[in-house]
Amino acid sequence: RRAVSARTQATSALRLSKLAVPPVPPNPPRSAYELQRVWNSLKHHPDEQARYLRQRVTPDAIKRAFVKSSIEPDLLAEILKRMTEDTERTEGEKMTHEQVAGLLDALLSTYQASVQFKMLSSSELGHFRSLLTRLGDSQVARSVEGKAAHMGIAATAIAGR
C-alpha cells in the first residue's frame, strides 16, 4: 500500500510540476529587474529558461537592461550555462550562431562587464569558451573574442581555446 501511495504522490507531484511552469512573457524584458524576476520564476525549468533566452532576450534587451546597472555574476553564469546547454541540444529548437554571437556581444557590453566576467569561476568561464568554440572561426567569433581580449578576460576565458 505504501509503495502505491508513494507512486501516486510522485505522479501527482510530477503533474503539478508540469502544470506549474510559468509562461514565458510575450515581450522582451524592459529592465534588469524584469529579466531577473522572470529568470528566477523559471529557475526550476531549464528548458523554459533556454526558450526565454531564444525567444525574448535579445541583444538589445540585454544592453538596455544593463546599461546603468551591472549584471550579477550568478545571473551571468546561469545565462552562459543555459546558452551552452541549449547549443548542445541534439533535437528540438536551439539557438542559432547569430543568436549566440549577439547575446555574447551584448553580455560583454553590459555595465562593468569586465568586472563581472572576472568574478566567474573557471568552470563558469568554460561555458563562455565553449560558446566561442561553437561559433567557430567566423567573423562574429573573432569580433566577440577581440572584445573579450580588450576587456582583459582573454587570458582566463579564451586562451584555452
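The structure we're discussing is the one just above.
If you're wondering where the values come from, they're calculated on a predicted model, not measured in any experiment.

Rules used in this analysis
Residues numbered from 1 in each chain as written. Predicted model: local features only at pLDDT ≥ 70, side-chain atom pairs only at ≥ 80, totals over all residues. Heavy atoms only, no water. Helix = DSSP H or I, 4+ residues; strand = E, 2+ residues; numbered from the N terminus. Buried < 20%, exposed > 50% of the residue type's maximum accessible area, 1.4 Å probe, protein only. Areas by Shrake-Rupley, 256 points an atom, 1.4 Å probe, with all protein chains shown as cover. Salt bridge = Lys/Arg side-chain N within 4 Å of Asp/Glu carboxyl O. Arc of directions from axis to C-beta. Contact = heavy atoms within 4.5 Å. Expected span 1.5 Å × (residues − 1).

1. Here we look at the overall build of the chain
Then, in step 1: When helices and strands are tallied, the chain shows 10 helices and zero strands.
Then, in step 2: Each helix and strand of the chain, ordered N terminal to C terminal, gives the series α-α-α-α-α-α-α-α-α-α.
Then, in step 3: Relative to its 161 residues, the chain shows a buried fraction of 39%.
Then, in step 4: Roughly 9,300 Å² of accessible area belongs to the chain as shown, and the carbon and sulfur atoms make up 52% of that amount.

2. Section: the pattern of salt bridges
Then, in step 1: Taken as a whole, this structure holds 10 salt bridges when the rule is applied.
Then, in step 2: Between E93 and R54 there is a salt bridge, and its shortest N-O distance comes to 3.6 Å. Taken together, the positions of E93 in the loop between helix 5 (73-87) and helix 6 (97-108) and R54 in helix 3 (residues 46-55) put the pair 39 residues apart, joining distant regions of the chain.
Then, in step 3: Overall, E93 belongs to the partly exposed group, its relative accessible area being 45%.
Then, in step 4: Here R82 and E85 are joined by a salt bridge, their closest N and O atoms 2.4 Å apart. On the criterion of helical spacing, the pair formed by R82 and E85 is a turn pair, its members being three residues apart in helix 5.

3. Side note on helix 2 (residues 32-41)
Then, in step 1: Among the residues making up helix 2, those that are buried are A32, E34, L35, V38 and W39. Viewed end-on, helix 2 has its buried residues packed into an arc of 165°, placing them on one side of the element.
Then, in step 2: Looking at the packing, one finds that the buried side of helix 2 touches helix 3, helix 4 (59-65) and helix 5.

4. A word on helix 5
An α-helix turns once per 3.6 residues; consequently, residues spaced three or four apart project the same way.
Then, in step 1: In this model helix 5 runs 21 Å from its N-terminal to its C-terminal C-alpha over 15 residues, within 8% of the 21 Å that 1.5 Å per residue would give.
Then, in step 2: For helix 5, the complete set of buried residues consists of P73, L75, L76, A77, I79, L80, R82, M83, T84, D86 and T87.
Then, in step 3: Packed against the buried residues of helix 5 are helix 2, helix 3, helix 6, helix 7 (113-118) and helix 8 (122-135).

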